[in-house]
Amino acid sequence: MTSFVKPKIRRKNEPVNALNKVRADYDGTASTLCAGCGHDSVTASLARAFYELSIDPQQVVKVSGIGCSSKSPTYFMSDAHAANTVHGRMPAFATGAIAANSALTYIGISGDGDSLSIGLGQLAHAMRRNVDMLYMLYNNGVYGLTKGQFSASADLGSTAKKGPANELPPIDPAALALSVGATFIARSFSGDREQLVPLIKAGLKHKGFALIDVISPCVAFNDHKGSTKSYAHTYQYYHKAVHADYVPPSEEIMTAYGEGELMPVELHDGGTIRLRKLDGEYDPRDRAAAFAKVLDGQDKDEILTGLLYINEDQPDMHARKNTGPRPLNQIPYAELNPGAEKLAALQMTMR
Amino acid sequence: MKPTDIKDPDYFHKVVDCQWACPAHTPVPAYIRLIAQGRYSDAYLLNRDSNVFPGILGRVCDRPCEPACRRTRVEEEPVAICRLKRVAADHRDDITDRLPKKPENSNGKRIALIGAGPASFTVANDLAPMGYECTIFEKLDKPGGLMRSNIPAFRLPEDVLNEELGYILQMGVDLKLGHPVGSMQELQDQGFDAIFVGTGAPKGKNLNLPGRDEAAGNIHIGIDWLESVAFDHIETIGETVLIIGVGNTAMDCCRTSLRLGAKAVKVMARKPRAFFKASEWELEDAEEEDIAITVNHSPKAFVTESGKLVGMLFELMDYDLDDSGRITEQRVTGEVMIPCDDVILAIGQENAFPWIEKEAGITFDKWDVPVIDEQTFESTRKGVFFGGDAAFGPKNIIWAVEHGHQAAISIHKHCQGDDLTARTADYIELESTKMGMSEWRYSNAYDASDRRQMEHIALVDRFRKLDIEVELGFTPEQIATEVERCLNCDMQTVFDAPLCTECDACIDICPVACLSITPNAPEADLRAIVQAASADQALFTSTELPLSGRVMIKDENTCLHCGLCAERCPTAAWDMQEGKLTIHYAHDQKLSAEQ
Ligand SMILES: Cc1cc2nc3c(=O)[nH]c(=O)nc-3n(C[C@H](O)[C@H](O)[C@H](O)COP(=O)(O)OP(=O)(O)OC[C@H]3O[C@@H](n4cnc5c(N)ncnc54)[C@H](O)[C@@H]3O)c2cc1C
Ligand SMILES: Cc1ncc(C[n+]2csc(CCOP(=O)(O)OP(=O)(O)O)c2C)c(N)n1
Ligand code: SF4
Ligand code: SF4
Ligand code: SF4
Ligand code: SF4
Ligand SMILES: [Mg+2]
């Protein structure tokens, strides 16, 4: 007899979070992705972050597009709400859902094809609106699900598994996000959980659009020599700029780091993102500096990682539109639909 | 932390918790797999290589393996290792022609074995097929030692005992019954090439309290009393019986009393339950038979009336315990007289060697215990070896067997003029068990079934005779379920660091989160990462991984050997490999000259 299903087993000394849940309570069904795919590792980091933040899965909405990456919501937090939408259209779906109910926690999961090829316009507008969600861009440089064609994030000169080098310049999601108005922009790597898990926690707690561009190698079609999105290449050119930790409201910021190295950013929930400089004087709260740093990284062929930009002061979509915090499904029908008379009166004001 | 040396034969042996805990290192998971395949005879013989008496031990072994069993890391109850051993014995075919044979010729060496208990029998089992002429001298009229004279037949049927002793006698062993050895010197003068002392710990402890002499007729020393019962010298006992002590001997005494007609049997304990010496299952079996166990009663005097025992006086005890359960303070809070007709003392055994003369050249320490080498089992007199309860005081059958194996190696080396300490080292061979996609050569799926409960013969039928076996053995359904509970801890997770691409797939699939990839650090820090709390098991640490220079770590304590890490790994950096441990006995020792 053999088995490939991860059994639910409780260790005797297993730690629990504030909701008395174990880490395995944030698992989903068994992954059907290729063994060794970076996506599974990112998904595990997500599960860990939700577990560590003691977020109730039933208060979470997972949305995705199409692709191997977009299949990932199935593989964690089975108890959360979820929608697998149309290729490249997840941002619009998410924007609508968030407009209707901002009381839940939203996590979008997408690929580089889904986000930067077919879905580029959708992604740009969600960022522009500063929709309050965490958007995970599982970036492997190819369309994994359709067997490895170059995506819009493939680097110039990176070679396909069997075939020629890519001839089109890549879209850097970080640079794009900076230009269109995202307020939390980070890059990381599936293999660096020490960096990624805290980033996810910070991104979830950020009010506004948080983008994490996470390099997540496709072992089936883009992990060979000549690829610039392989495990080996990523480890070689990996460069950490800033480390970010989320500190919940109740905890005090420790002074374990030398002065000047710590840059606390206050969040709307009363918590703090604690930034630690790993690369010179770079300050991710400065948009112009962030731009320069990202472009500099491109020039140097560095994979620049960490929290690259954060702005906690920009209003999110709801704040900008001045829409109330009450979810639509909790507003009584009579209030939602005040009747024909009220409508006629409203129309009169527009004549 | 330094990379783990998985070539050390002890490294993977230790991971197989049951085998490591078994004094004779019985390859438990391997025999359980044979049972699962219905290969009962093979399972029996594999057992026999290490523990010699699978039928006996499958019933009455002390089972140090079970508390150690890995299964207890995720649930309360261990695999029923001992019961499965009995399954192999119960369902085996006639295996006599597969046993070691009586050799054609003697090698000219004569070995004297004193006492016909499991220790001596194991030595004979190992040496007789090699051509050694083994003579066992036994004081009693039947062989088996305490297995016959003290372990009651309702736990160990006589025919099971006879059969397994018979296997060894057929190897050409000369058994001299009714032959007490009264003088070591006389035996030494008979020109044996080696002497093995396997006489056990034959002296039951006495309790000298007021009234002891007056009431002597109704006060019995537990092990002597059981022996008298076993040999039909005692057939009755009073209606009300008090047993003093709560060890395993006490459990046999109380249950035997019931079978001799006692109506009310009380086991009297000086301390609370947590301090009982008896195995949990022996306590349960006794309580099932309505034995009352009374705690916190310390014996003070035997009460007699006109020269006859009428009861016992006890002091009522009160204890203060600290957080770890140790007694910090004790007080007497009163006294009570408990009426009874008979008292059985079951408070321990001691060695006694009145027949070994001072001049025999064997040194005894200040407690009158012989000084024995812990590796070779040789006494201070060359060529005289001790084993079983005679060596280091009362233990159990499986220890007696292991002592016997080790003493046999020493006797062989002694007779061949070899260095006793130049023993052939164990070694481990690893072999991949991968059969194909999602297929392994063992049942890797985790089976969540609870431990199967042994059926007992109904209470109404049990007491009619002294030798009605209480445990009925496992049914086919119970066997089928229980074998699947074994986690196959000898299917080792073997890691090949250069192959790892650090994709984390193994870490995420592991159901007990015992893996991680992390920058190397001191052991305590690495242990914290995977919650490797138990210091009894190692923390595996790989060499540096090729891409990031970090290390793969694994808590050997919590791993369930489910193989999912190896299943999930895209590069086969993890593999499930069967670790076959070879343990050497007397017959396959390399002598120094050949090494
Ligand atoms: C009541 C009771 C119940 C037990 N139950 C269990 C159990 O369930 N499971 C378990 O594993 N262990 C049990 N034990 C312990 C176990 O029986 C012993 O540890 C084991 O039998 C020791 O084996 P041995 O070969 O060292 O000696 P023994 O079995 O004690 O055999 C020694 C033999 O030497 C003979 N002998 C002694 N002196 C001389 C002499 N001078 N000349 C010739 N012969 C001599 C004795 O008659 C005896 O036959 C129990 C013990 C007792 C007392
Ligand atoms: C409208 C539409 N066009 C094309 C496809 C085919 N298609 C499926 S997945 C995919 C690309 C996915 O790439 P990416 O988002 O990078 O995901 P990955 O599989 O690499 O994780 C494409 C083009 C589709 N499903 N729908
Ligand atoms: S094809 Fe690539 S992206 Fe898709 S599951 Fe396989 S490795 Fe992952
Ligand atoms: S699970 Fe099986 S192999 Fe592991 S310790 Fe228990 S009996 Fe032994
Ligand atoms: S075999 Fe592998 S996956 Fe299974 S428990 Fe052990 S380390 Fe974890
Ligand atoms: S699954 Fe294999 S390649 Fe991936 S991290 Fe584990 S051992 Fe390394
Ligand atoms: Mg992709």
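Sequence order as written defines the numbering, with residues in each chain counted from 1. Chains carry letters from A onward and ligands carry numbers from 1 onward, assigned in written order. Local features are withheld for residues below a pLDDT of 70 in this predicted model, meaning they are given only at 70 or higher, and side-chain atom pairs are given and counted only at 80 or more; totals for whole chains, interfaces and linings count all residues. Side-chain metrics rest on all non-hydrogen atoms present in the structure, leaving aside hydrogens and water.

Brief notes about the coordination of the magnesium ion (ligand 7)
Residue and element names in this part refer to chain A.
Then, in step 1: Distances define the donors: N, O and S atoms within 2.8 Å of the metal qualify, as do those within 3.2 Å of Na, K or Ca. Water is excluded, so some sites may look unfinished. At the metal site, the magnesium ion (ligand 7) is ligated by Asp112 (OD), Asn140 (OD1) and Val142 (O), and these contacts range over 2.1 to 2.2 Å.
Then, in step 2: Expressed as a motif, the donor residue spacing for the magnesium ion (ligand 7) is D-x27-N-x1-V. Of the two residues, Asp112 sits in helix 4 (residues 112-117) while Asn140 sits in the loop between strand 4 (133-139) and strand 5 (142-143), which places them 28 residues apart along the sequence. An identical accessibility class is assigned to Asp112 and Asn140; each is buried. Secondary structure counts use DSSP, requiring at least four H or I residues in a row for a helix and at least two E residues in a row for a strand, with both numbered from the N terminus. Burial here depends on accessible area, computed with a 1.4 Å probe over protein chains only, as a share of the maximum for the residue type. Under 20% is buried, over 50% is exposed, and the range in between is partly exposed.

Regarding the domain arrangement of chain B
All names here are of chain B.
Then, in step 1: Domain borders in the structure are assigned automatically or taken from a domain database. What the domain assignment reports for chain B is domain 1 (100-202 + 351-415) and domain 2 (204-348).
Then, in step 2: Taken over C-alpha atoms, the centre of domain 1 sits 32 Å from the centre of domain 2.
Then, in step 3: Here, residues are in contact when the closest pair of their heavy atoms is within 4.5 Å. Taken together, the contact pairs 11 residues of domain 1 with 12 residues of domain 2.
Then, in step 4: The quantity reported as buried area is the accessible area (1.4 Å probe) lost by two parts once they are put together, taken as the sum for both. Taken together, the two surfaces of domain 1 and domain 2 that pack against each other cover about 960 Å², and 56% of this comes from carbon and sulfur.
Then, in step 5: It is Asn150, Phe154 and Arg155 that lose the most area in domain 1 upon contact with domain 2, and together they represent 51% of the buried surface on that side.
Then, in step 6: Think of a salt bridge as a Lys or Arg side-chain nitrogen and an Asp or Glu carboxyl oxygen that are within 4 Å of each other. Put simply, domain 1 and domain 2 have two salt bridges between them.
Then, in step 7: As a salt-bridge pair, Arg155 and Glu282 come within 3.4 Å of each other at their nearest N and O atoms.
Then, in step 8: Its residues assigned to classes, the side of domain 1 that touches domain 2 comprises six nonpolar, two polar and three charged. Under the grouping applied here, Gly and all other residues not named as nonpolar or charged are polar, the nonpolar ones being Ala, Val, Leu, Ile, Met, Phe, Trp, Tyr, Cys and Pro and the charged ones Asp, Glu, Lys and Arg.

Notes on the site of ligand 5
Then, in step 1: Around ligand 5, the surrounding shell holds 13 residues, and the nearest of these are Cys510, Cys559, Leu560, Cys562 and Cys565 of chain B.
Then, in step 2: Looking at side-chain class alone, the shell around ligand 5 contains nine nonpolar, three polar and one charged residues. Any residue with at least one heavy atom within 4 Å of a molecule or strand is counted as near it.

Some details on the interface of chain A and chain B
Then, in step 1: Each partner contributes to the interface: chain A provides 27 residues, whereas chain B provides 40 residues.
Then, in step 2: At the boundary of chain A with chain B, the tally comes to three salt bridges.
Then, in step 3: Of the charged contacts, one joins Asp508 of chain B and Arg193 of chain A as a salt bridge, the two residues approaching to 2.7 Å between their closest N and O atoms.
Then, in step 4: By the criterion applied in these results, polar contacts are pairs of N or O atoms within 3.5 Å in which, for protein atoms, one can donate a hydrogen and the other can accept it, and in which residues neighboring in sequence qualify only through two side-chain atoms. Seen at the junction of chain A and chain B, the total is 13 residue pairs in polar contact (both at pLDDT 80 or more).
Then, in step 5: Among the secondary structure elements, those contributing two or more residues to the side of chain A that touches chain B are helix 1 (38-52) and helix 8 (231-237) of chain A.

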